[in-house]
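Each chain, letter by letter, is given below.
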Amino acid sequence: MLANLDAAMTLVFTWNMAGIILACSVFGLFVGSIPGLSATMATAMLVPLTFFMDPVPAVAAIVTTAAMAIFASDIPAALLRIPGTAASAAYIDDLNALTRNNKVGRALGISVTASAIGGIFGSLVLMMAAPKLALVSLNFTSFEYFWLALLGLSAAVMLGSSSLLRSLMALLIGLMIAMVGMDTTAGFPRYTFGSTSLLDGVAFVPALIGMFAIPELIRSFIGKPVHVPVSKVGNPLRMFDGLGKLLWQSKLNLFRGSTIGTVIGILPGAGSDIGAWISYAVSKRFSKQKALYGKGTEEGLVDACAANNAALSGAYVPAMVFGIPGDSITAIVIGVLYMKGLNPGPMVFLTSADKISAIFLVFLIANLLIIPLGLLAITMASQVLRVPKRLLAPLILGFCIVGSYSINAAASGVMVMLVLGLLAYMMEENGFPVAPTILGIVMGQLVERNFVTSLIKSDGGVLPFVERPIAAGLALLVLLVWSVPVLVWLRGKSRAWA
Amino acid sequence: MKVNDMALGAFFLILGSWITFTAWAFPAMPGQAVGPGTFPKVIGSLIALSGLALVFGGGNRRAPLLVLAEGWHNNRNALAAAVALVGTALLALGFEVIGFPLGASLLLCALYLASQKFSPRLLALAVGFVLIVHLMMTRLLLVPLPAGPLKGWL
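What counts and how
- Residues numbered from 1 in each chain as written.
- Chains lettered and ligands numbered in written order.
- Predicted model: local features only at pLDDT ≥ 70, side-chain atom pairs only at ≥ 80, totals over all residues.
- Heavy atoms only, no water.
- Helix = DSSP H or I, 4+ residues; strand = E, 2+ residues; numbered from the N terminus.
- Rg over C-alpha atoms; globule rule 2.2 N^0.38 Å.
- Buried < 20%, exposed > 50% of the residue type's maximum accessible area, 1.4 Å probe, protein only.
- Areas by Shrake-Rupley, 256 points an atom, 1.4 Å probe, with all protein chains shown as cover.
- Contact = heavy atoms within 4.5 Å.
- Core = buried A, V, L, I, M, F, W, Y, C linked by side-chain atoms within 4.5 Å.
- Buried area = accessible area lost by both parts, 1.4 Å probe.
- Salt bridge = Lys/Arg side-chain N within 4 Å of Asp/Glu carboxyl O.
- Polar contact = N/O pair within 3.5 Å; in protein donor to acceptor, adjacent residues only side chain to side chain.

Before going further, it helps to examine the overall build of chain B. Looking only at helices and strands, chain B has six helices and two strands in total. Traced from its N-terminal end to its C-terminal end, chain B shows the element sequence β-α-α-β-α-α-α-α. At 24 Å, chain B has a C-alpha radius of gyration far larger than the 15 Å of a compact globule built from 154 residues. Scored against the burial criterion, the 154 residues of chain B give a buried share of 47%. Accessible surface, chain B as shown: approximately 8,200 Å² in total, 73% of it carbon and sulfur.

This next bit is on the overall build of chain A. A count of helical and extended segments in chain A gives 22 helices and two strands. Across the 498 residues in chain A, those meeting the buried criterion constitute 60%. Considering only contacts in chain A between residues 6 or more positions apart, those separated by 24 or more positions represent 78%. Summing over all exposed atoms, chain A offers an accessible surface of approximately 18,400 Å²; the carbon and sulfur share of this is 69%.

Before going further, it helps to examine the nonpolar core. Ranked by internal contacts, the top residues of the largest apolar core, which has 208 residues, are Tyr 91, Tyr 316 and Ile 401 of chain A together with Phe 100 of chain B. With 15 residues, helix H18 (residues 353-381) of chain A is the largest single contributor of residues to this core. If we ignore the near neighbours within four places in the chain, the residues touching Tyr 316 of chain A are Ile 62, Val 63, Leu 126, Ile 329, Thr 330, Val 333 and Phe 363 of chain A.

Contacts between the two partners involve 66 residues from chain B, matched on the other side by 60 residues from chain A. Between chain B and chain A the total buried area reaches about 5,400 Å² when both faces are included, carbon and sulfur atoms providing 81% of it. It is Phe 39, Leu 85 and Leu 141 of chain B in chain B that bury the most area against chain A; as a group they hold 12% of the surface buried on that side. Between chain B and chain A we count one salt bridge in total. Residues Asp 5 of chain B and Arg 166 of chain A are paired through a salt bridge, measuring 2.6 Å at the closest nitrogen-oxygen approach.

Time to look at unusual backbone geometry. Residue and element names in this part refer to chain A. One non-glycine residue, Tyr 191, adopts positive backbone phi at about 50 degrees. With respect to the helices and strands, Tyr 191 occurs in the loop between strand E2 (189-190) and helix H10 (204-222). Judged by its relative accessible area of 12%, Tyr 191 falls in the buried class. You will see that Ala 409, though not glycine, has its phi angle at about 50 degrees, which is positive. Along the chain, the position of Ala 409 falls in the loop between helix H19 (389-406) and helix H20 (412-429).

All names here are of chain A. Tracing the backbone through its elements, the reader meets Ser 283 in helix H13 (residues 272-286). Owing to a relative accessible area of 0%, Ser 283 belongs among the buried residues under this scheme. C-alpha of Ser 283 to C-alpha of Gly 257: the two residues are 26 residues apart in sequence and 8.0 Å apart in space. Excluding its chain neighbours within four sequence positions, the residues that come into contact with Ser 283 are Asn 253, Arg 256, Tyr 293, Glu 299, Gly 300 and Asp 303. At a separation of 2.6 Å, a polar atom in the side chain of Ser 283 contacts the side chain of Tyr 293.

Structural data, given as structure tokens:
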């Protein structure tokens with residue numbers, strides 16, 4: 001990689017590239033900050049434009065857009081409690097709680113800095129160790145994926161501040177919703193009630209928008225119209241006040257979040273959203289201030305924000321080395337790479353080493369640009385806080401309708417948003433956390449596919465699930481996660497059970 | 001809208017049982033013991049068991065069956081929330097026919113009328129916002145939002 005740095009720099013540091021990177025940054029920030037428009041959607045919209053570009057600018061456009069969109073999704077999450085993309089859902093309550101406590105600048109300051117550091121960490125790993133790491137990830141079979149998914153789900157149950165039983169039930173509701181549609185192994189339609197729009201399953205983005213936005217909207221309509229004074233973001237540079245100290249104190253969290261994000265990103269099929277969830281859960285597990293999680297923890301934000309942007313870079317490891325998409329964005333990138341004659345695989349590192357190094361360099365630049373451009377986006381978006389919530393609520397509903405419709409260009413998305421929004425409202429009113437349900441919807445198909453595939457491979461046996469070393473290690477971790485509340489319960493400290 | 005834990009538990013018990021019961025009717029894969037019903041059986045059983053746990057171990061078992069949040073007792077607040085929910089459902093059902101610009105404008109105007117004092121500026125804000133969003137989404141982001149009867153105009 002370093003040997004080709006000179007050649008890579010001549011490809012990257014051109015006016016043409018600067019223009020493309022800047023334009024795509026603005027585009028990514030714009031799309032990411034609109035609830036319902038995902039980073040994947042932004043990437044897909046760029047593909048027609050990449051037809052007219054050289055290989056490096058084409059991939060640079062996608063990389064920059066995705067990195068900015070993933071970060072920008074934190075902005076509506078903090079200001080309106082509506083995640084721009086699924087990656088923000090893990091820590092949305094913390095972002096929003098900090099905003100309500102007049103710390104919006106602080107919350108988004110942490111988000112922008114941790115995202116940039118996580119992204120840079122992931123990019124460096126990608127540059128230094130891509131082929132070696134990809135080899136490890138190829139050892140993952142359905143057994144390992146099953147345990148990994150189960151670990152993520154278990155972590156989600158332990159995440160909430162609600163009772164264990166209610167968190168578990170919330171997760172099961174999410175898994176139940178994920179079962180709707182054609183099953184992943186045999187293509188048999190389940191629980192669709194004859195609706196063709198449900199054959200593909202419950203659309204995730206409308207579900208996400210509905211479950212976070214609709215309860216907030218209902219509460220804003222039925223609540224007393226009180227005006228809560230909210231601090232302005234003011235001078236963007238003030239966001240960094242005290243941030244250096246926090247980041248230094250949270251250096252372990254930054255490293256841990258970035259590492260978890262990168263590793264999760266490398267695994268095919270697991271993207272930045274799962275990286276953020278797992279990182280947040282691990283952060284809570286090892287934190288001394290567990291009670292703050294979900295109520296405005298800065299520590300958890302550092303972990304999760306670093307993880308989601310690190311995962312974005314990590315996903316390019318299997319994509320570049322083996323042509324296996326790490327997530328939906330890299331699936332699009334692989335298509336563009338083929339289109340440009342840069343066929344992904346081990347040989348591309350030899351035949352087009354300068355171009356690959358240039359692409360890696362773009363990763364670094366895009367993640368560095370998150371800080372200045374992110375601050376600009378935050379400053380502009382934070383004007384929203386000045387508007388009384390009751391006045392804003394109908395406009396937010398308008399955005400939610402557009403976002404839910406846009407993802408599949410189908411009105412069924414609006415209905416999904418509404419129904420799941422009402423479900424989330426009922427859940428929150430009755431003390432059920434929404435976060436595990438969201439994760440259940442995200443990971444339901446992954447869990448089921450690997451569970452059924454593993455059962456077929458093992459001919460119904462249980463032993464093969466723990467025969468392989470990585471699978472056994474992950475199974476042990478799952479056991480450890482679940483043994484904690486059981487031990488607490490056995491010690492007679494079961495007051496929080498229900 | 002708080003529901004008594006026993007009632008809630010009973011609901012989940014019935015729901016879980018129904019999921020498990022219907023999953024038995026799903027066909028197995030040829031030559032395999034597992035199939036589309038395997039996972040739903042596991043999840044359905046767990047939901048039913050959790051429901052049972054809530055019935056016997058729930059915290060507010062002696063609470064009334066249903067308690068509405070305070071805000072729902074205010075007629076104007078309840079009307080605004082109802083307009084938002086029912087209006088969105090109606091818009092979803094007729095989205096392709098009425099289109100986004102007209103449908104969403106009507107919904108937002110109705111919401112402002114239900115939740116705020118009458119103000120022509122708010123109605124203008126609603127219509128202006130919808131038109132800007134429509135143009136931004138269709139022209140800039142190429143999202144095919146249906147224009148409904150205003151197709152020729154926009």
